[in-house]
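Below, each chain spelled out in residue letters.
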Amino acid sequence: MSFEQFRAPWWQPGGHVQTIWASLCARYQAQGAQPQPWLRERWDTPDGDFIDVDFSSHAVAANAPTLVLFHGLEGSSSSHYAKATALACAQRGWRLAVPHFRGCSGEPNRLLRAYHSGDVDEVDWILRRLQQGAGGDLLAMGISLGGNALACWVGVQQQAAAQLIQGAAVVCAPLDLVAGGVSLGRGLNRWIYTPMFLRTLVPKALGKWQQSPGVFDKAALLRARTLHEFDDVFTAPVHGFENADDYWIRASAKPLLKQVAVPLLLLNALNDPFVPAYSLPTLSDVSASVQLWQPPHGGHAGFASGAWPAHVQAMPQAVTQWLAQWLPAPQQNNKER
């Protein structure tokens, strides 16, 4: 069955259930698979900050491909999709690298700067640094916010992206940030998901205010009840945008998709509660290098399948299979023997 026809188990009705179940209840490994610990490296950034990069610890050949996974908003290597992707990479003999956006690895970063949906400079620096130490080819994958940032980078780089990566996959990204932001500020989304994000975003921003008192309106931050209000107070001004609307428009990847010149997969479930189906790109919005997968089910970064309580291996297995076709033949499955 093609992943474009992916369907969730009958007992997971609707996008909300498929999103929440995958995150909280489903196994990240199929039955019998064993999780592996991460190996962490701390990298100093060119501007005097740091990021933490977690690498999969399974054995790989010296020239094995490396898949770089950019996580979603407030995600990390502990996210269910990261752990599931690590197992998929282990089965292929690939190395997995999960770079943490600033402040997402469990320790506050040094500078006022944090991260945002269009952070192409950070994506570029990370990929170039990884290429320096990789023995084989690089592939890239992004989930949600990290997926939009990766898609922006691929669009901005155009043909130059091929100097760093063989192909990229973007999963459940809000490629139209205005549509995604409006959706998260309404109805059940506002009461289920927005508080979950603000629960960690606001304390981190308050920590930045302690570092640089007066750099933004602390009282307005404490009043924020939507991501638009948070981005208006913190994300936009701290990262050089005029306001939240300016940030959402300028950081959206959708207008850049016609410029993509390397193989790019865009995977979005039509019932994703974060990403309205009407906002998804069509073939007229993308270049010939882009493939669209828009299955009816999956929720947001969900795609749980299998027998109770289900697992989340289906998506990373399908995505890594798609990415493998762009590797030189000897590296497609390069497990150490």
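Scroll up for the structure.
Residues numbered from 1 in each chain as written. Predicted model: local features only at pLDDT ≥ 70, side-chain atom pairs only at ≥ 80, totals over all residues. Heavy atoms only, no water.

Colleague: Just checking my understanding: could you explain the sheet that holds strand 5 (residues 138–143) for this structure?
Modeller: Neighbouring strands of a sheet are bound in pairs by backbone hydrogen bonds; such pairs are parallel or else antiparallel. Pairing is mixed in the open sheet, where eight strands are placed in the order 1-2-4-3-5-6-7-8. Looking at strand neighbours, the two that pair on one side only are strand 1 (38–44) and strand 8 (290–293), the edges of this open sheet. Averaged over all pairs of adjacent strands, the angle between their axes in this sheet comes to 20°, without regard to strand direction. Two elements, strand 3 (residues 66–70) and strand 5, share five bridges in a ladder whose sense is parallel. What sits directly across from F70, in strand 5, is G142. The strands that helix 3 (residues 120–133) touches are strand 1, strand 2 (50–56), strand 3, strand 4 (95–99) and strand 5; relative to strand 1, the one it contacts most, it runs at about 115°. The strands that helix 4 (residues 145–157) touches are strand 3, strand 5 and strand 6 (168–171); relative to strand 5, the one it contacts most, it runs at about 130°. (Pairing = 2+ DSSP bridges. Helix = DSSP H or I, 4+ residues; strand = E, 2+ residues; numbered from the N terminus. Axes fitted to C-alpha atoms, helices over the stretch in contact; angles between N-to-C directions. Contact = heavy atoms within 4.5 Å.)

Colleague: What is the right way to look at the packing of aromatic side chains in this model?
Modeller: We describe a pair of aromatic rings using the distance from one ring centre to the other and the angle between the two ring planes. Applying the stated criterion across every chain, the model contains 16 aromatic pairs. Geometrically, the ring pair formed by W11 and W308 is tilted, given 4.8 Å between the ring centres and 50° between the ring planes. Pair noted here: W11 is in the segment before helix 1 (14–24) and W308 is in the loop between strand 8 and helix 11 (314–324), with a separation of 297 residues, a long-range link. Looking at W308, the relative accessible area reads 60%, which means it is exposed. Here the aromatic rings of F197 and F274 are separated by 6.0 Å at their centres, their planes lie at 75°, and the arrangement is edge-to-face. You can see F197 sitting in helix 7 (residues 194–211) and its partner F274 sitting in the loop between strand 7 (264–267) and strand 8, a full 77 residues away along the chain. Aromatic rings pair up to connect F3, F6, W293 and F303 into one cluster. Over the aromatic face of W94 sits the side chain of R92, whose NZ or CZ is 5.6 Å from the ring centroid. Of note, K218 hangs over the ring of W209, and the distance from its end group to the ring centre comes to 4.6 Å. (Phe/Tyr/Trp six-rings, centres within 6.5 Å; stacked < 30°, edge-to-face > 60°. Buried < 20%, exposed > 50% of the residue type's maximum accessible area, 1.4 Å probe, protein only. Lys NZ or Arg CZ within 6 Å of the ring centre and 35° of its normal.)

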